[in-house]
Amino acid sequence: MSQLLILAATEGETENPLIPPIPELVIGLIAFVIVFGFLAWKLLPNINKVLEERREAIEGGIEKAEAAQTEAQSVLEQYKAQLAEARHEAARLRQEAQEQGATLIAEMRAEGQRQREEIVAAGHAQIEADRKAASSVLRQDVGKLATDLAGKLVGESLEDHARQSRVIDRFLDELEEKAEAGR
């Protein structure tokens, strides 16, 4: 082993292992130039073409997005204007409806008041008519009873109609005067 180490040490002094021999270096350089030239000639145009297509697609997409954004902005403005107009119209319609409702309520109240007054007046007229009819019937019945009673008390018939009417009227007038004085 010692001989091997000596041999390796003596050989190592003459040649550097990091520097390749010149013929290998020239062959490697020629092969690199051929591969690089082939790649630049065939592959580089395709790569540039694909990159250009992508750039155009991205720029077209950006332009389309900007156009869509501009259109969306204008549609949004139109929508906001229509919404504001619709809200204004709704407020106007609501105000009109409230005014019409108030007018209708006032008219209905006036009509109800008028009908109530008509009903009350008709009721008073009916009551007055019923009172007069009842008074007339009562006068006749009371007169008949009074005449019969007076005839029994006096002992003679009071069938004379004129006399009977005067007695009845006088009797009822006295009753009405007493009723009014009691109030």
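Only a predicted model underlies this, so the values are computations on that prediction, with no experimental measurement involved.

Analysis parameters
- Residues numbered from 1 in each chain as written.
- Predicted model: local features only at pLDDT ≥ 70, side-chain atom pairs only at ≥ 80, totals over all residues.
- Heavy atoms only, no water.
- Helix = DSSP H or I, 4+ residues; strand = E, 2+ residues; numbered from the N terminus.
- Phe/Tyr/Trp six-rings, centres within 6.5 Å; stacked < 30°, edge-to-face > 60°.
- Buried < 20%, exposed > 50% of the residue type's maximum accessible area, 1.4 Å probe, protein only.
- Lys NZ or Arg CZ within 6 Å of the ring centre and 35° of its normal.
- Salt bridge = Lys/Arg side-chain N within 4 Å of Asp/Glu carboxyl O.
- Patch = residues over 30% accessible without salt bridge, like charges linked within 9 Å, V, L, I, M, F, W, Y side chains within 5 Å.
- Areas by Shrake-Rupley, 256 points an atom, 1.4 Å probe, with all protein chains shown as cover.
- Lys, Arg positive; Asp, Glu negative; His and termini not counted.
- Charge placed at Lys NZ, Arg CZ, Asp CG, Glu CD.
- pLDDT = per-residue confidence, 0-100.

S.K.: So what about the overall build of the protein? Which residues, and what values?
M.R.: In terms of regular secondary structure, the protein is built from three helices and zero strands. Of the regular secondary structure in the protein, the N- to C-terminal order runs α-α-α.

S.K.: Explain the packing of aromatic side chains to me, and be specific about the residues and the numbers.
M.R.: Counted according to the given criterion, the structure contains one aromatic pair. Taking 6.1 Å as the distance between ring centres and 20 degrees as the angle between the ring planes, the aromatic pair formed by Phe32 and Phe36 counts as stacked. Linking Phe32 with Phe36, this pair stays in helix H2 (residues 22-154), spanning four residues, or about one helical turn. Note on Phe32: relative accessible area 54%, which makes it exposed. Among the residues examined, Phe36 registers a relative accessible area of 54% and is labelled exposed. The side chain of Lys42 reaches across the aromatic face of Trp41, ending 4.7 Å from its centre.

S.K.: Lay out the pattern of salt bridges with the relevant residues and their values.
M.R.: Scanning all chains against the criterion turns up seven salt bridges. Between Arg131 and Glu128 there is a salt bridge, with the nearest N and O atoms lying 2.6 Å from each other. Of the two residues, Arg131 and Glu128 are both situated in helix H2; the distance of three residues between them amounts to about one turn of the helix. Salt bridges sharing partners connect three or more residues here, namely Glu52, Arg55 and Glu59.

S.K.: Explain a negative patch on the surface residue by residue, including any values.
M.R.: A surface patch of negative charge is lined by Asp173, Glu174, Glu177 and Glu180. When you line up the elements, Glu177 lands in helix H3 (residues 161-182).

S.K.: Can you explain the confidence of the model for the protein? Please cite residues and give values.
M.R.: A residue-level look at the protein finds 83% of positions with pLDDT of 70 or above and a mean pLDDT of 83. Here helix H1 (residues 2-14) is the element of the protein with the lowest mean pLDDT, 57, and H2 is the one with the highest, 89.

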